[in-house]
Amino acid sequence: MPASMVDKYRQALDLIKESKYLKIITHYDGDGTSSAIILTSMAKRMGKKFHLTYVKDLSQNGIRPLLSDDLVIFADAGSDQLRFFPDAENIIVLDHHFYQKSNYKALNINARDFGYDGTRGACGSTMAYIMALIANEENADLFPFFMSGLIADKQDLGGISGLNQVIIDAYGFKYKKERTINLEAQSMLDSITYSTDPFFEGLTGYPDKVKTFLADIEISPDATLNEINEEQKKKLANALSTLLLKQRVGLEALAYIENDIYYFDELGYNSKQLSSIVDGNGKMGQNSVPVAYFLGYQSFKDEMEKNWKMFKTKLIDYVYRAKSELFPGKNVSYFYAPESEMAGAISGILMLYLADQTRPVIGFSVGKEDTKVSSRGTRKQVNRGLNLSIVMREASQAVGGTGGGHDIAAGAVIPKGREMQFLEIADKIVGTQLGQKNET
Ligand code: C5P
Ligand code: C5P
Ligand code: C5P
Ligand code: ZN
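Throughout what follows, the structure given in this document is the object of discussion. In this text the structure is predicted, and so the values were computed from the model without any measurement. (Residues numbered from 1 in each chain as written. Chains lettered and ligands numbered in written order. Predicted model: local features only at pLDDT ≥ 70, side-chain atom pairs only at ≥ 80, totals over all residues. Heavy atoms only, no water.)

## Focus on the site of ligand 2
Turning to step 1, where the next piece is worked out: Inspection of the region around ligand 2 gives Glu184, Ala185, Gln186, Gln273, Ile277, Glu305, Trp308 and Lys309 as its neighbouring residues.
Turning to step 2, where the next piece is worked out: Glutamine 186 places a polar side-chain atom, nitrogen or oxygen, 3.1 Å from an oxygen atom of ligand 2.
Turning to step 3, where the next piece is worked out: Here a nitrogen atom of ligand 2 sits 3.4 Å away from a polar atom, N or O, in the side chain of tryptophan 308.
Turning to step 4, where the next piece is worked out: Coverage of ligand 2 by the protein amounts to 71% of the 460 Å² it exposes when considered alone.
Turning to step 5, where the next piece is worked out: Elements with a minimum of two residues in the shell around ligand 2: α11 (271–283) and α13 (301–324).
Turning to step 6, where the next piece is worked out: Element by element, the count of residues in the shell around ligand 2 is highest for α13, at three residues.
Turning to step 7, where the next piece is worked out: Broken down by class, the residue content of the shell around ligand 2 amounts to three nonpolar, two polar and three charged. (Near = heavy atom within 4 Å. Polar contact = N/O pair within 3.5 Å; in protein donor to acceptor, adjacent residues only side chain to side chain. Areas by Shrake-Rupley, 256 points an atom, 1.4 Å probe, with all protein chains shown as cover. Helix = DSSP H or I, 4+ residues; strand = E, 2+ residues; numbered from the N terminus. Nonpolar A, V, L, I, M, F, W, Y, C, P; charged D, E, K, R; others polar.)

Rendered as structure tokens:
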């Protein structure tokens, strides 16, 4: 880690130590909620009073009411918002998103400024975990939440790299790790029925079909992944890969059938489960439930798992609906999502497992005043020149909205009623980007 980065973290720690009260603000998704668990645990252990808020609306109007005279710590968002508040002091930002450079007084710690790839090699939880480590090396035991954020942001897809790799080399060895089938629940029946990443068309969401599928390969629906033998595992991996091949997924999604799973026995979840449960609760608007549970309030366990099941059931239903009404533009596929919080997750699943692999997916969620837009591409498209962060920013600005994110995954908020105009502009920019051959 560069000395200049450590230095900035030390400045941040001084600010934290000096302040009586911390106002922690994180993005609402899985990475943001994992960052929230890390930062609130750190604050609690330091004996600091804190307040936690989740943010969905990243526009100037969404952020302004959250600022305060107390020390504010943003995680998994904030860098790109500083340009709206150049004079605001007493702010620490721990972020990994691309941002437009401007003058500001806040202490902005963004992985991108130190040569790291903020899309694949460092997430909000990476930045929050380093903050906790700088505060006290004993916070190393918050490693599971660094992993859950990383997985929620899909920074394990295509292999771990960058700052994430540095952290894993330093702290991951304490945990049992196994390269195995990338499934998340306990029983084989639940694992496949609720599997959305990978998403198995025709099996995901259909327990009776999963039972038949498992019977055909002679695996008990009640067995856990650890209880089936190597030969059964191989059979299962082959059968699931065959399904993905039929769905015509790309190589990256096909490879995601296997993953390095970490076992966090003291938490009762492995890395894939932990990420899913934190992400699912966040997207159900129940971020405080996993935060409270992992801060030590055991009584929240049932509610947390119930929220997770409700999230998965809803997500699977929305994915099938979106798949059946996925419209072709010239250079993109697009659909309408019923809930803005779910739009990103649906677009991600469609892109990796169910949609035309040659074009990005754009989802619209029409709200009362604004429309939320989510977009996802593949690494292959990015290598051909796709940059959805630019697409979302430029197309949204052209219709009076705001947008940004990563080359492979980006979002926007636009005024309601401007969806088709936005789509036309976005489609054109995608066409230009994909036309420019830019092989890497
Ligand atoms: O706001 P944040 O950066 O945390 O979110 C990143 C988003 O990009 C997540 O929703 C993640 O799932 C998505 N992503 C993706 N494919 C990738 C990398 C990230 O869909 N290869
Ligand atoms: O209400 P019920 O106990 O059926 O729901 C919890 C179930 O969901 C448990 O089997 C639990 O292990 C499973 N689960 C999981 N992965 C998660 C969350 C819950 O396997 N991420
Ligand atoms: O909302 P969604 O999951 O589609 O967002 C994809 C990525 O774009 C996330 O990293 C998110 O933080 C970012 N984003 C953004 N500005 C917006 C909307 C989303 O930077 N207005
Ligand atoms: Zn993130």
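## Considering the sheet that holds strand β12 (residues 370–376)
Turning to step 1, where the next piece is worked out: Read from one edge to the other, the open sheet built from six strands follows the order β9-β10-β11-β12-β14-β13, with strand pairing classed as mixed. In this open sheet, the two edge strands, each paired with only one partner strand, are β9 (327–328) and β13 (402–405).
Turning to step 2, where the next piece is worked out: Pairing of strand β11 (residues 361–366) with β12, which is carried by six bridges, proceeds in the antiparallel orientation. Opposite serine 365, over in β12, you have lysine 372 as the bridge partner.
Turning to step 3, where the next piece is worked out: The strands touched by helix α17 (residues 419–435) within the sheet are β10 (333–336), β11, β12 and β14 (409–415), with β11 carrying the most contacts at an inclination of about 165 degrees. (Pairing = 2+ DSSP bridges. Contact = heavy atoms within 4.5 Å. Axes fitted to C-alpha atoms, helices over the stretch in contact; angles between N-to-C directions.)

## Concerning the site of ligand 3
Turning to step 1, where the next piece is worked out: Of all residues adjacent to ligand 3, which total 16 residues, the nearest are His97, Lys372, Ser374, Arg376 and Gly404.
Turning to step 2, where the next piece is worked out: Between an oxygen atom of ligand 3 and a side-chain N or O atom of serine 374, the distance comes to 2.4 Å.
Turning to step 3, where the next piece is worked out: Compared with its free state, where it exposes 450 Å², ligand 3 has 85% of that area covered by protein.
Turning to step 4, where the next piece is worked out: Across the shell around ligand 3, the residue classes break down as four nonpolar, 10 polar and two charged.

## What to know about the packing of aromatic side chains
Turning to step 1, where the next piece is worked out: Summed over all chains, the structure comprises 21 aromatic pairs.
Turning to step 2, where the next piece is worked out: Ring centres of phenylalanine 364 and phenylalanine 422 lie 6.0 Å apart, and the angle between their planes is 85 degrees; this geometry places the pair in the edge-to-face category. Linking phenylalanine 364 in strand β11 with phenylalanine 422 in helix α17, this pair joins segments that are 58 residues apart in sequence.
Turning to step 3, where the next piece is worked out: What links up through ring pairs into an aromatic cluster is the set Tyr129, Phe143, Phe146, Tyr171, Tyr175, Tyr262 and Phe264.
Turning to step 4, where the next piece is worked out: The ring of tyrosine 99 carries lysine 101 above its face, with NZ or CZ at 4.2 Å from the centroid. (Phe/Tyr/Trp six-rings, centres within 6.5 Å; stacked < 30°, edge-to-face > 60°. Lys NZ or Arg CZ within 6 Å of the ring centre and 35° of its normal.)

## What to know about the packing of helix α4 (residues 124–135) against helix α5 (residues 143–152)
Angle between the axes and distance between the axes are the two parameters that describe a pair of packed helices.
Turning to step 1, where the next piece is worked out: Where α4 meets α5, the axes come as close as 7 Å, and the angle between the chain directions of the two elements is 160 degrees. Compared by their axis directions, α4 and α5 come out roughly antiparallel. As α4 packs across α5, the resulting crossing turns out to be left-handed. Contact with α4, carried on its side by Ser125, Thr126 and Tyr129, involves Phe143, Phe145, Phe146 and Gly149 of α5 and no other residues of that element.
Turning to step 2, where the next piece is worked out: For the contact of α4 with α5, a count of residues per class yields four nonpolar, three polar and no charged. (Parallel < 35°, antiparallel > 145°, perpendicular 65-115°, else oblique. Left-handed = near helix turned anticlockwise from the far one by under 90°.)

## Description of the pattern of salt bridges
Turning to step 1, where the next piece is worked out: Counted under the stated rule, the structure contains 23 salt bridges.
Turning to step 2, where the next piece is worked out: For the salt bridge of arginine 179 with glutamate 258, the shortest nitrogen-to-oxygen distance reads 3.8 Å. In this pair, arginine 179 is assigned in strand β6 (residues 176–181) and glutamate 258 in strand β7 (residues 258–264), connecting sequence segments 79 residues apart.
Turning to step 3, where the next piece is worked out: Close ionic contact of lysine 312 with glutamate 184 constitutes a salt bridge, the shortest N to O distance being 3.0 Å. On the criterion of sequence distance, the pair formed by lysine 312 in helix α13 and glutamate 184 in the loop between β6 and α7 (188–193) is long-range, its members being 128 residues apart.
Turning to step 4, where the next piece is worked out: Judged by its relative accessible area of 5%, glutamate 184 falls in the buried class.
Turning to step 5, where the next piece is worked out: Shared partners join several salt bridges into a network, and the residues in it are Lys177, Arg179, Glu258 and Asp260. (Salt bridge = Lys/Arg side-chain N within 4 Å of Asp/Glu carboxyl O. Buried < 20%, exposed > 50% of the residue type's maximum accessible area, 1.4 Å probe, protein only.)

## Regarding a nonpolar patch on the surface
Turning to step 1, where the next piece is worked out: On the surface, a nonpolar cluster with roughly 340 Å² of combined accessible area is contributed by Phe327, Tyr336, Val366 and Met420.
Turning to step 2, where the next piece is worked out: With respect to the helices and strands, tyrosine 336 occurs in strand β10.
Turning to step 3, where the next piece is worked out: For tyrosine 336, a relative accessible area of 39% translates into the label partly exposed. (Patch = residues over 30% accessible without salt bridge, like charges linked within 9 Å, V, L, I, M, F, W, Y side chains within 5 Å.)

From the geometry alone we can't say anything about function, so treat these as descriptive.
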